[in-house]
Amino acid sequence: MADQRYRVQSLGRGLDLLELLAKSGRDGARLTDLALGLGLSKAATYAILQTFLSRGFISAIGEGATKRYRLGMSLARLGDLAISNIALADIAMPILRALTRDVNSTSRVAILDDGYAVVIGRADAPGAIRFDAALGRRELPHSSAVGKSMLAAMPRPQSDAILRDVGMPRRTPHTLTTLAAINEDLDRTIARGYAVDDEEDTEGVVCIGTCVFDRTGNAIGAISITGLKQHSTEQRQEQLAEMLIRHADQLSRQLGGLDGADAWALRRTA
């Protein structure tokens with residue numbers, strides 16, 4: 001339960017406004033009706049509307065006295081994320097634990113949020129080295145296996161826009177820092193069905209990641225395996241990737257999605 005002492009009244013009024021718009025349906029509501037429903041002046045209600053409009057949480061239709069307001073697509077995006085994140089994290093954990101037992105390495109599940117890779121679940125192997133991978137921490141997508149796999153799964157103009165927006169700073173001497181180099185690496189990810197972070201985020205650490213897909217072939221997240229570079233060989237990497245993909249496919253199927261082979265094939269022909 002929320003602590004009532006710390007409620008923000010203005011924020012509460014804003015949320016009340018969203019509830020009113022939700023009840024108004026597709027036709028939306030006029031400023032006058034919203035002000036009446038909230039018990040506020042038109043000026044105060046208008047200020048709240050403009051704040052939400054600027055962030056895409058509501059939209060406006062019509063002009064002047066006929067203008068009406070309704071819920072915006074930013075709410076749809078947040079709702080989809082909330083549903084998928086809860087389902088993904090809950091369903092992923094048993095699969096991550098099984099993957100960790102199979103490979104004796106840390107495994108993680110992540111989503112892409114506002115251009116960054118965010119880990120929402122992890123399973124550590126008993127006695128294994130614990131890597132710095134706090135839940136909820138934002139990671140740059142260009143230097144992480146989960147980030148690169150999700151970038152590879154989306155249309156190139158979209159991934160390019162994300163990379164330009166969040167930046168491509170050098171994390172280690174091995175980090176790819178140009179759009180051309182990263183896109184070449186994303187092409188390799190598409191071809192083989194998994195991404196590799198070869199000491200690109202942390203020196204001495206190698207990660208392999210691949211996507212979790214929905215029924216249309218869109219990536220809704222990614223899972224990865226993390227290990228030490230000194231234990232990594234090309235043959236071992238391929239073996240780990242095979243096991244990773246098998247567990248990712250299991251997770252995709254449980255969420256009603258496509259196997260990686262089918263989804264990556266769609267991406268190759270896009």
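Our subject is the structure that appears above.
Described below are features of the structure shown in this document.

Criteria and thresholds
Residues numbered from 1 in each chain as written. Predicted model: local features only at pLDDT ≥ 70, side-chain atom pairs only at ≥ 80, totals over all residues. Heavy atoms only, no water. Core = buried A, V, L, I, M, F, W, Y, C linked by side-chain atoms within 4.5 Å. Buried < 20%, exposed > 50% of the residue type's maximum accessible area, 1.4 Å probe, protein only. Helix = DSSP H or I, 4+ residues; strand = E, 2+ residues; numbered from the N terminus. Contact = heavy atoms within 4.5 Å. Salt bridge = Lys/Arg side-chain N within 4 Å of Asp/Glu carboxyl O. Expected span 1.5 Å × (residues − 1). Arc of directions from axis to C-beta.

By size, the foremost hydrophobic cluster in this structure holds 24 residues, and its most contacted members are Ile-223 and Leu-251. Among the elements that make up this core, the one with the highest residue count is helix α4 (residues 73-103) (seven residues). In this structure, Leu-251 is in contact with Leu-88, Ile-91, Ala-92, Ile-95, Val-212 and Ile-223, ignoring residues within four places of it in sequence. Membership of the second largest hydrophobic core comes to 22 residues, among which are Ala-110, Ala-117, Leu-151 and Trp-264.

What the rule picks out here adds up to eleven salt bridges. Here Arg-30 and Asp-33 are joined by a salt bridge, their closest N and O atoms 3.2 Å apart. Of the residues examined, Arg-30 reaches a relative accessible area of 36% and is grouped as partly exposed. On the basis of relative accessible area, Asp-33 is assigned to the partly exposed category, the value being 35%. Here Asp-185 ties to Lys-148 by a salt bridge, and the two come within 2.7 Å at their closest N and O atoms. Pair noted here: Asp-185 is in helix α7 (residues 179-192) and Lys-148 is in helix α5 (residues 145-152), with a separation of 37 residues, a long-range link.

Taking 1.5 Å per residue as the helical rise, α7 with its 14 residues ought to reach 20 Å, and the 20 Å between its terminal C-alpha atoms agrees with that figure. All buried positions along α7 are accounted for by Leu-179, Ile-182, Asn-183, Asp-185, Leu-186, Thr-189 and Ile-190. Viewed along the axis of α7, the buried residues span an arc of 160°, placing them on a single side of the element. Away from the buried face of α7 by more than 90 degrees, exposed residues Ala-180 and Ala-191 are located. The elements touched by buried residues of α7 are α5, α6 (156-166), β6 (195-198) and α9 (260-269). Gly-193 sits one or two positions beyond α7 and adopts a positive phi of about 90°.

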